[in-house]
Structure formats: C-alpha cells, structure tokens
Amino acid sequence: MWLHSLKIGQARVTSLTDGRFRLDGGAMFGVVPRALWQKVAPPDEHNRIQLRINPLLIQLGGRNVLIETGFWDRGGDKFEALYAVERDETVFDGLHALGLTPGDIDLVINTHLHFDHAGRNVTVDGTPTFPRAAYVVQAQDLYDATHSHERNRASYLSEYIEPVERAGLFEIVEGEAELLPGLSVIPLPGHNLGQQGVVLRSEGETLVYTADLLPTFAHLPYPYIMGYDLYPVTTLGVRKQFFPRWAAENAIIAVPHDAHRPFARLKESPKGGYTAEPVDRS
Ligand SMILES: [Zn+2]
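These remarks concern the structure in this document. In this text, all values refer to a predicted model and were calculated from it rather than measured experimentally. (Residues numbered from 1 in each chain as written. Predicted model: local features only at pLDDT ≥ 70, side-chain atom pairs only at ≥ 80, totals over all residues. Heavy atoms only, no water.)

For the rest of this paragraph, the subject is the overall build of the protein. Along the backbone of the protein there are 8 helices and 16 strands. For the protein, whose C-alpha radius of gyration is 17 Å, the value lies close to the compact-globule estimate of 19 Å for 282 residues. Viewed in the frame of its principal axes, the protein has a C-alpha envelope of about 50 × 45 × 35 Å. The proportion of buried residues among the 282 residues of the protein is 56%. In the protein, 69% of the contacts between residues at least 6 apart in sequence involve partners at least 24 apart. Within the protein, one finds 26 positive and 35 negative side-chain charges whose respective centroids are separated by 6 Å. (Helix = DSSP H or I, 4+ residues; strand = E, 2+ residues; numbered from the N terminus. Rg over C-alpha atoms; globule rule 2.2 N^0.38 Å. Buried < 20%, exposed > 50% of the residue type's maximum accessible area, 1.4 Å probe, protein only. Contact = heavy atoms within 4.5 Å. Lys, Arg positive; Asp, Glu negative; His and termini not counted. Charge placed at Lys NZ, Arg CZ, Asp CG, Glu CD.)

Attention now moves to the coordination of the zinc ion. Taken together, D116 (OD), H117 (NE2), D212 (OD) and H257 (NE2) make up the full set of protein donors to the zinc ion, lying 1.9 to 2.5 Å away. Seen from the zinc ion, its 4 donor atoms lie at angles of 84 to 152°, and the figure they make is irregular. Mapping the donors of the zinc ion onto the primary sequence gives the spacing D-H-x94-D-x44-H. For the pair shown, D116 and H117 are each scored as buried. (Donors = N, O, S within 2.8 Å, 3.2 Å for Na, K, Ca; no water. Tetrahedral: all angles 85-135°; square planar, octahedral: opposite > 155°, others 65-115°.)

The full count for this structure, using the stated rule, is 17 aromatic pairs. When the ring of F79 is compared with that of F115, the centres are 5.1 Å apart and the planes differ by 65°; the resulting orientation is edge-to-face. Separated by 36 residues along the polypeptide, F79 in helix α3 (residues 76-82) and F115 in helix α5 (residues 115-118) bring together distant segments of the chain. According to the relative accessible area criterion, F79 is buried, its value standing at 16%. Centroid distance F243 to Y274: 6.5 Å. Interplanar angle 90°. Geometry classified as edge-to-face. Of the two residues, F243 is situated in helix α8 (residues 232-248) and Y274 in strand β16 (residues 274-277); the sequence distance between them amounts to 31 residues. The positively charged end of K240 is found above the aromatic ring belonging to Y222, 5.8 Å away from the centroid. (Phe/Tyr/Trp six-rings, centres within 6.5 Å; stacked < 30°, edge-to-face > 60°. Lys NZ or Arg CZ within 6 Å of the ring centre and 35° of its normal.)

Quick look at the nonpolar core now. The biggest cluster of nonpolar side chains holds 42 residues, and the ones touching the most others in it are F29 and L113. Contributions of two or more residues to this core are made by β3 (20-24), α1 (25-29), β4 (48-52), α4 (91-97), α5, β8 (134-138) and α6 (139-146). Setting aside chain neighbours within four positions, we find L113 in contact with A118, N121, V137, D141, L142, A145, S155, Y156, Y160, I161 and F170. In this structure, L56, L180, L183 and I252 belong to the second largest nonpolar core, which totals 26 residues. (Core = buried A, V, L, I, M, F, W, Y, C linked by side-chain atoms within 4.5 Å.)

Right under this line is the structure:
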C-alpha cells in the first residue's frame, strides 16, 4: 500500500494516494527537451510519463486535515483512457487503513481546483464527500474556476465545485492564512494565479506541501516547469524564493504527483540547484 507516515513535531503526516495516471511528458516539462527529461522520467509509447495523485493527511491536535481530495472519477471511459487512470488505491482506502472515514475529516485544503487535485470534493451522488469539513480555497482560485477561459477550461469541472459552494462549505482565504496553530497555507502562484501550498511547523520541524509548484521530484531543476503553467516565469520566481528557504530549514517536502517518493528533503547540489534526499520514515 502507498501509505507513508512520519512525525513532524506533534503532528502525524501520512502520504495517501488516489491512484496513478499519465500525462504527456513534453507538457509536463515545458521547454525542456525530451533528450533531457526522459532521463529522469522515461516515457511510454504514447510519450506519457507515470504520475501519482498524492493527497496528504495531517493529524494535529485531534484534527484531521486532508490536503487534496483526489482525481475526478466521473469523466467516463474516454477521459480515463486519455489519462491512463489506474485506481490501484483510492484516498478512501488510505483513510480506511488509518481507521478513518470521510466524516472524520475536519478540514480539506484545496491547493487549487483542478480535477486531478480536487476531483473527489464531491461524491458520485453529487454531495460533498467530507460533510463535516471546511474546504479551504483561495478566493482567486475559486474565482478562476468559476470564470474559466479557453486556456484553463479543461482543468476545472463544475461538478465537484458547485455542490461544495451550494453547501456553504468553502472557507475562502486570501493570501497567507494560519488554519491551526503551526499549520498555514501560503500563495504559490505560477501554475495558475490562486494556487496555495501548505506549511506545517511543529517543535522545530517543518513540512511543506508544494502543490504543482513542484509536481514531482524530477521537476527540481529550476527550469523544469510544466507547459501547463499559465505563468511559468512567475513559477520560476516563486521557486527561487522558496527552494533555498525550504532547503535551509531542512524541511520535509511532499509533492502532489511523484510516482515513487512520498517525501524528500532538498539538498543543495554542487552543480547548482537542488536534489531530493531520501527521508527516514518514523
Ligand atoms: Zn496537478
């Protein structure tokens, strides 16, 4: 099972999964030539690379916080085939293994409302999946998701957004916000305008959930920026602002789409930039 737990101070943090999918390798690495990216992410016969959906559960002070809800599950056969979706495990399997049900989740953090991150906000019968939870979202992203245009329309589906809005469960924040003592969301624009990441600090330890600022650890070199990003130069600036800070803090990093590694630390490379260092699990 993909169920990787570790302790960050007083918090227990668990990487869950909602299955695997594939995206075009060229789109995933933007301007980087295939000759370079295929060394770190070997493509299949359709030029797609293997990715995972990695939601994160943070248990802190008796609260269960779920970052990301999972991959949209009502796209139909064509949609599933296009993205080579393999639901080898779901976010519900992971919660169940921890003795939790969706009703135990107190807080959902939607880093952004793309279908591969927020797709399970709503169940098949069209009601919010986590009925007791507040769903934390940036005002900018909720605006963009409900006012989409030709360049971002394929990423936002109203089916898992409107029911949460109607139920009044969105907790809309603007910019940085502390949700629980030591647990904050921070703006990480570039992939889109309203993306947020999550920072947990407890007893001198730090964990960061990067959202799509760093989709996989293969994307650590600064220019390895997705073609999907609406503002790639903003992504570059935000990476240069935060990667050195997170490396200096020795933060444990969790990313949304790595198919192999749930966590890593950033280590400065002698050649410049950063590499991903394995983390001992506890
Ligand atoms: Zn994504």
